[in-house]
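What the coordinates show
Spelled out, the chains give:
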Amino acid sequence: MNLEIILVGIVVGIANFASRFGPFFVIQKFQQDSQKRGALWLKIALGSIGIAAISSMLVVATLPPLLETPNKSFAVLVGFIVLTGLYFKYKKIVPATLTAAVTYGLIYTYVPFFF
Amino acid sequence: MSEHKTLSTQPAGFWQGAKDSQAIIFTYLPVSFAFGVSATQFGFSAWEALFLSCTMYAGASQFLVVALLGSGTSIWMTALTVIALDIRHLLYGPALTNLIQDRLNLKKTAIWAWGLTDEVFASGMIKLSQRRQQWSESWMLGLSLFSWMSWALGSLLGGLFADQVSKLPQFLQAALDFLLPALFLSFLLAAFEKKHTFVVSVTLVVSAIACYFIDLSAAIFIGILSGIFAGLFKHYVLKQPDDAYAGGSHES
């Protein structure tokens, strides 16, 4: 195996582990009393991270391919509509996600769309 | 995950976490398969792709690693670039801790936190936000471990069967590109509540602008920061506190 791959894998792996586990470790060690969870503004800030992260990831996963290939727009729109409809109807993530992906594939492959 | 409809308030266990990871598994397998294919195209072996997925477990950043190394960039510059891309993970621990009521078992936490990718974080956050009593470290361990295994397996398969992708029907090849956006929209629908409207709107707009004018990894980080500021702005300037904070206008 290539030595460069081994080194990068180990170095980045350690850094990723530190960034993922480190905050839990630090917070647990310095938070002796669970009632003292910091100021209100901090709770609000931390409470906003989750939904903001998901929203950002949706944008980052969706926008670049659309900018690169604008004729995907219609298929993406239909895929999102199908996903939203199925999710609100059945409240199940897996079938909604997979059905939307297949719908996107079918629309993008077989429905002509000129942007 | 959110489709788990039981009204039980018992904490979910390891196998329920494994079961709830299926949305992530169905997304990770094709995406990591694509990573394995990409790695072989840059001259790396299937086993090197597997090694990177097992040790780094860095999602899209891994595509960058093989591209950088394949184009002759130094290993240290490659490592620093990927570490900078993944710095957002620092925010995930505090965000989850804010919702976790029990004291953590740090040995167990170290294992599931290793697999705290964007998708696993989103699943954990949804569980903690909507069915907090069902969340447990064992559930998180099952979710995290099976997601990691699917990512590693997909990378190996992609490296071994890189030449088979072109034999898939064209619409299925196209469908693979849409899995990640679809998964994140599913997560957003599952996590969304009316009180999030302002934060989500601001984040979507700001991250889209950052994505267009700066770059992808910066867009996630900037998007999260804008969401934090939007949450604070809504509470302190617009005077629209969430129910959870409505009675806590005093600083503790």
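Note that this is a predicted model, so its numbers are computed, not measured.

The rules we used
- Throughout, a residue's number is its position along its own chain's written sequence, starting from 1.
- Here chains are named by letter from A upward and ligands by number from 1 upward, in the order in which they appear as written.
- Residue-level local features of this predicted model are given only where pLDDT is at least 70; pairs of side-chain atoms are given and counted only at 80 or more, and the full residue set underlies all totals for whole chains, interfaces and linings.
- As a rule here, side-chain values come from all non-hydrogen atoms in the structure, and water together with hydrogens is ignored.
- By the criteria applied, helices consist of DSSP H or I runs no shorter than four residues and strands consist of E runs no shorter than two, each listed in order from the N terminus.
- Values of the radius of gyration come from C-alpha atoms, whereas the globule rule sets the reference at 2.2 Å times the count of residues to the power 0.38.
- The buried label applies to any residue whose accessible area, calculated with a 1.4 Å probe on protein chains only, is under 20% of its type's maximum; exposed applies above 50%, and partly exposed to all values in between.
- Reported accessibility uses the Shrake-Rupley method at a 1.4 Å probe radius. Residues are deemed covered only where the shown protein chains occlude them.
- Note on geometry: axes are lines fitted to C-alpha atoms, helical ones only across the stretch in contact, with angles between N-to-C directions running from 0 to 180 degrees.
- Here the angle decides the label: under 35 degrees means roughly parallel, over 145 means roughly antiparallel, 65 to 115 means roughly perpendicular, and every other value means oblique.
- The sense of a crossing depends on the near helix, which, turned anticlockwise from the far helix by less than a right angle, makes the crossing left-handed and, turned clockwise, makes it right-handed.
- The contact criterion used throughout is that any non-hydrogen atoms of two residues lie within 4.5 Å.
- Residue classes follow a fixed rule: Ala, Val, Leu, Ile, Met, Phe, Trp, Tyr, Cys and Pro count as nonpolar, while Asp, Glu, Lys and Arg count as charged, and any other residue, Gly among them, counts as polar.
- Expected helix span is computed as 1.5 Å times (number of residues minus one).
- Summed over both partners, the accessible area lost on bringing two parts together, with a 1.4 Å probe, is the buried area.
- The rule for a salt bridge is simple: a side-chain nitrogen of Lys or Arg has to be within 4 Å of a carboxyl oxygen of Asp or Glu.
- Each patch is built from residues that are more than 30% exposed by relative accessible area and take part in no salt bridge. Like charges join if they lie within 9 Å; nonpolar side chains (Val, Leu, Ile, Met, Phe, Trp, Tyr) join within 5 Å.
- UniProt positions are given in the numbering used here, feature names are shortened, and annotations may be inferred rather than shown by experiment.

**So, the overall build of chain A**
Within chain A, the secondary structure is distributed over four helices and zero strands. Put simply, chain A runs from its N terminus to its C terminus through helices and strands in the order α-α-α-α. What you see for chain A is a C-alpha radius of gyration of 21 Å, clearly larger than the 13 Å of a compact globule of 115 residues, by over 25%. Counting all 115 residues of chain A, 46% fall into the buried class. Counting only carbon and sulfur atoms, one obtains 70% of the accessible surface of chain A, whose full area is about 5700 Å².

**Some details on the packing of helix H2 (residues 22-41) of chain B against helix H3 (residues 46-55) of chain B**
All names here are of chain B. At a minimum axis separation of 9 Å, H2 and H3 run at an interaxial angle of 130°. Taken together, the axes of H2 and H3 lie oblique to each other. Handedness of the crossing formed by H2 with H3: right-handed. Contact residues: H2 offers Phe35, Gly36 and Ala39, while H3 offers Ala49, Leu52 and Ser53. The residue makeup of the contact of H2 with H3, split by class, is four nonpolar, two polar and no charged.

**Observations concerning helix H3 (residues 73-90) of chain A**
Over its 18 residues, H3 of chain A runs 26 Å from end to end, which matches the ideal 26 Å to within 8%, given 1.5 Å per residue. Within H3 of chain A, burial applies to Ala75, Val76, Val78, Gly79, Phe80, Leu83 and Tyr87 of chain A. Elements in contact with the buried residues of H3 of chain A: helix H2 (40-68) and helix H4 (93-110) of chain A together with helix H10 (170-191) of chain B. Of the residues one or two after H3 of chain A, lysine 91 of chain A is the one with positive phi, at around 55°.

**Examining the interface of chain B and chain A**
Every contact between the two is made by 98 residues of chain B and, on the other side, 77 residues of chain A. Both faces combined, the contact of chain B with chain A buries some 7800 Å², and carbon together with sulfur accounts for 77% of it. Summed over the shared surface of chain B and chain A, the result is one salt bridge. One salt bridge in this structure joins aspartate 177 of chain B and lysine 72 of chain A, with 4.0 Å as the shortest N-O distance. The dominant element in the side of chain B that touches chain A, judged by the number of residues it contributes, is H10 of chain B, at 19 residues. Tallied by class, residues from the side of chain B that touches chain A come to 65 nonpolar, 25 polar and eight charged.

**A short note on the packing of helix H1 (residues 3-30) of chain A against helix H5 (residues 75-85) of chain B**
Two packed helices can be described by the angle between their axes and the distance between those axes. One can describe the packing of H1 of chain A onto H5 of chain B by two numbers: an axis separation of 10 Å at closest approach and a directional angle of 30°. When the interaxial angle is binned, H1 of chain A and H5 of chain B end up roughly parallel. Viewed along their axes, H1 of chain A and H5 of chain B form a crossing whose handedness is right-handed. Packed against H1 of chain A, whose contacting residues are Glu4, Leu7, Val8, Val11, Val12 and Ala15 of chain A, the element H5 of chain B presents Ile75, Trp76, Thr78, Ala79, Val82 and Ile83 of chain B at the interface.

**Quick notes on a nonpolar patch on the surface**
Residues and elements named next belong to chain A. On the surface, Phe74, Leu77, Ile81, Val102, Leu106, Tyr110 and Val111 cluster together into a nonpolar patch covering about 610 Å² of accessible area. When contributions to the nonpolar patch are tallied by element, the ones reaching two or more residues are H3 and H4. Mapped onto the elements of the fold, phenylalanine 74 is located in helix H3. Residue phenylalanine 74 is classed as partly exposed on the basis of its relative accessible area, which comes to 33%.

**Structural notes on unusual backbone geometry**
Residue and element names in this part refer to chain B. Located in the positive-phi region is tyrosine 57, a residue other than glycine, with phi close to 45°. Examined against the element boundaries, tyrosine 57 turns out to sit in the loop between H3 and helix H4 (61-70). Taking relative accessible area as the criterion, tyrosine 57 reaches 1% and is therefore assigned buried. The residue lysine 239 is not glycine, and still its phi comes out positive at about 55°.

**As for the UniProt feature "transmembrane region" (unreviewed entry) in chain B**
Residue and element names in this part refer to chain B. This chain's UniProt record puts "transmembrane region" (unreviewed entry) on residues 23-44, 64-85, 139-162, 174-192 and 204-233. Taken end to end, residues 23-44 is 86% helix and 0% strand, and its first and last C-alpha atoms sit 29 Å apart. Taken end to end, residues 64-85 comprises 82% helix and 0% strand; its first and last C-alpha atoms sit 10 Å apart.

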